[in-house]
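Here is how the chains run, residue by residue.
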Amino acid sequence: MKTQHIIEAVEAVQAAILANESQIESLDRAIGDGDHFINVRRGCEVLMGLRGEIAPLPPGEAFGKIGMKLLSTIGGASGPLISSFFIAMGKSLAGIAEPDRVQFAAAFAAGVEAIKSRGKADLGEKTMLDVLIPVSRLLQRLAEQGAPLPALCGQLAAEAHRNMLATRDMTATKGRASFLGERAIGHIDPGSKTCEVAIAAVCDTLK
Ligand code: ADP
Ligand code: MG
Ligand code: MG
């Protein structure tokens with residue numbers, strides 16, 4: 001992968017997030033405080049503005065810069081979590097001029113680990129990790145098997161979709177939705193929806 005792919009991914013994610021505004025907005029209104037869409041949109045705007053600055057950098061440094069920038073601009077619980085994802089990805093790819101798929105998958109897994117340790121959360125707590133953990137595991141498996149790119153993209157998007165939907169039946173044990181107890185059941189987790197939309201958009205750019 002090259003930094004140009006990161007830039008194309010940023011553009012695709014922003015378009016997809018904007019296209020899903022009403023759903024992301026209403027999910028956080030139902031089981032959170034209603035600001036998740038605004039937080040994520042702000043993050044996308046900031047990354048669009050960063051495109052020129054990251055263009056000449058190798059991917060690891062580009063991810064590091066993205067993480068630091070998001071840390072100082074997105075609010076909410078999701079801001080520091082998403083920032084830690086990119087900072088860890090950047091560290092994992094440090095010194096690699098053009099990471100291959102296995103290296104990218106390892107960096108993605110390091111990013112997910114960073115979210116887990118920062119948010120002190122794991123699978124089954126009705127958070128973005130319910131999408132990110134299974135997607136990361138599948139990505140590593142497919143990358144190591146040398147799966148062709150279209151198949152890899154299709155399977156990752158399907159895995160994200162299935163696991164995003166599965167958060168509907170969960171109770172939350174982390175984040176604001178945990179205050180609602182059983183009343184959170186029946187609503188998809190907003191962070192999981194955002195991750196699913198972002199993953200599907202990135203996969204689309206790679207097909
Ligand atoms: P806030 O809850 O502070 O308003 P956002 O609305 O931007 O922040 O983000 C809410 C999302 O953050 C949730 O839907 C969930 O996916 C994610 N989240 C919250 N707490 C955690 C955590 N401890 N670990 C992982 N993800 C979390
Ligand atoms: Mg919120
Ligand atoms: Mg908030």
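Starting afresh in each chain, residues are numbered from 1 along the sequence in its written order. All chains are assigned letters beginning at A, and all ligands numbers beginning at 1, according to the order in which they are written. In keeping with the model being predicted, local features are shown solely for residues with a pLDDT of at least 70 and side-chain atom pairs are shown and tallied solely at 80 or more, while totals for entire chains, interfaces and linings include all residues. To obtain the side-chain values, all non-hydrogen atoms of the structure were used and water was disregarded.

A. Structural view of the overall build of the chain. Runs of H or I in DSSP of at least four residues are treated as helices and runs of E of at least two as strands, each being numbered from the N terminus. A count of helical and extended segments in the chain gives 10 helices and zero strands. The order of α-helices and β-strands along the chain, N terminus first, is α-α-α-α-α-α-α-α-α-α. For the radius of gyration, the atoms used are the C-alpha atoms, and the globule rule reads 2.2 Å times the number of residues raised to 0.38. A globule of 207 residues ought to have a C-alpha radius of gyration of about 17 Å, and the chain, at 16 Å, matches this closely. Considering only contacts in the chain between residues 6 or more positions apart, those separated by 24 or more positions represent 65%. Every accessible area reported is derived by Shrake-Rupley at a probe size of 1.4 Å, with residue values counting cover from the shown protein chains alone. When the accessible surface of the chain is split by element, carbon and sulfur atoms take 55% of a total near 9,500 Å². Looking at charge distribution, the chain has the averaged site of its 22 positive side-chain charges lying 2 Å from that of its 23 negative ones. For this analysis, residues touch if any pair of their heavy atoms sits within 4.5 Å. By the counting scheme adopted, Arg and Lys are positive, Glu and Asp are negative, and His together with the chain ends is not counted. The atoms used to mark charge sites are NZ of Lys, CZ of Arg, CG of Asp and CD of Glu.

B. Layout of the coordination of the magnesium ion (ligand 2). Only nitrogen, oxygen and sulfur atoms qualify as donors, provided they sit within 2.8 Å of the metal or within 3.2 Å for Na, K and Ca; with water excluded from the atoms, sites may seem incomplete. The coordination sphere of the magnesium ion (ligand 2) contains the protein donors Asp 28 (OD), Asp 33 (OD) and Asp 35 (OD), at a distance range of 2.0 to 2.3 Å. One chain supplies every donor to the magnesium ion (ligand 2), and in sequence these donors are spaced D-x4-D-x1-D. The distance between the magnesium ion (ligand 2) and the magnesium ion (ligand 3) is 3.5 Å, with Asp 33 acting as a donor to both metals.

C. Local environment of the environment of Thr 3. With respect to the helices and strands, the residue Thr 3 is situated in helix H1 (residues 3–19). Each residue is assigned to one of three classes by its accessible area relative to the maximum for its type, calculated with a 1.4 Å probe on protein chains only: buried under 20%, partly exposed between the two thresholds, exposed over 50%. With relative accessibility at 6%, the residue Thr 3 sits in the buried group. It is 9.5 Å that separates the C-alpha atoms of Thr 3 and Ala 97, two residues lying 94 residues apart in sequence. Ignoring anything within four residues of it in the chain, the contact list for Thr 3 reads Ile 54, Ala 55, Leu 57, Pro 58, Pro 59 and Ala 62.

D. View of the site of ligand 1. In the vicinity of ligand 1 lie 19 residues, with Asp 33, Asn 39, Ala 77, Ser 78 and Asp 189 positioned nearest. One of the side-chain nitrogen or oxygen atoms of Asp 35 is found 2.9 Å away from an oxygen atom of ligand 1. In the complex, 93% of the free accessible area of ligand 1, which totals 570 Å², lies under the protein chains. Those elements giving two or more residues to the shell around ligand 1 turn out to be helix H3 (36–49), helix H6 (78–92) and helix H10 (190–206). Among the residues making up the shell around ligand 1, the classes are represented as five nonpolar, eight polar and six charged. Near is defined per residue: the residue qualifies when any heavy atom it owns lies within 4 Å of the molecule or strand. N or O atoms closer than or at 3.5 Å make up a polar contact, with two conditions inside protein: a donor-capable atom paired with an acceptor-capable one, and, for residues adjacent in sequence, both atoms drawn from side chains. As a working rule, the residues Ala, Val, Leu, Ile, Met, Phe, Trp, Tyr, Cys and Pro are called nonpolar, Asp, Glu, Lys and Arg charged, and the rest polar, with Gly in that last group.

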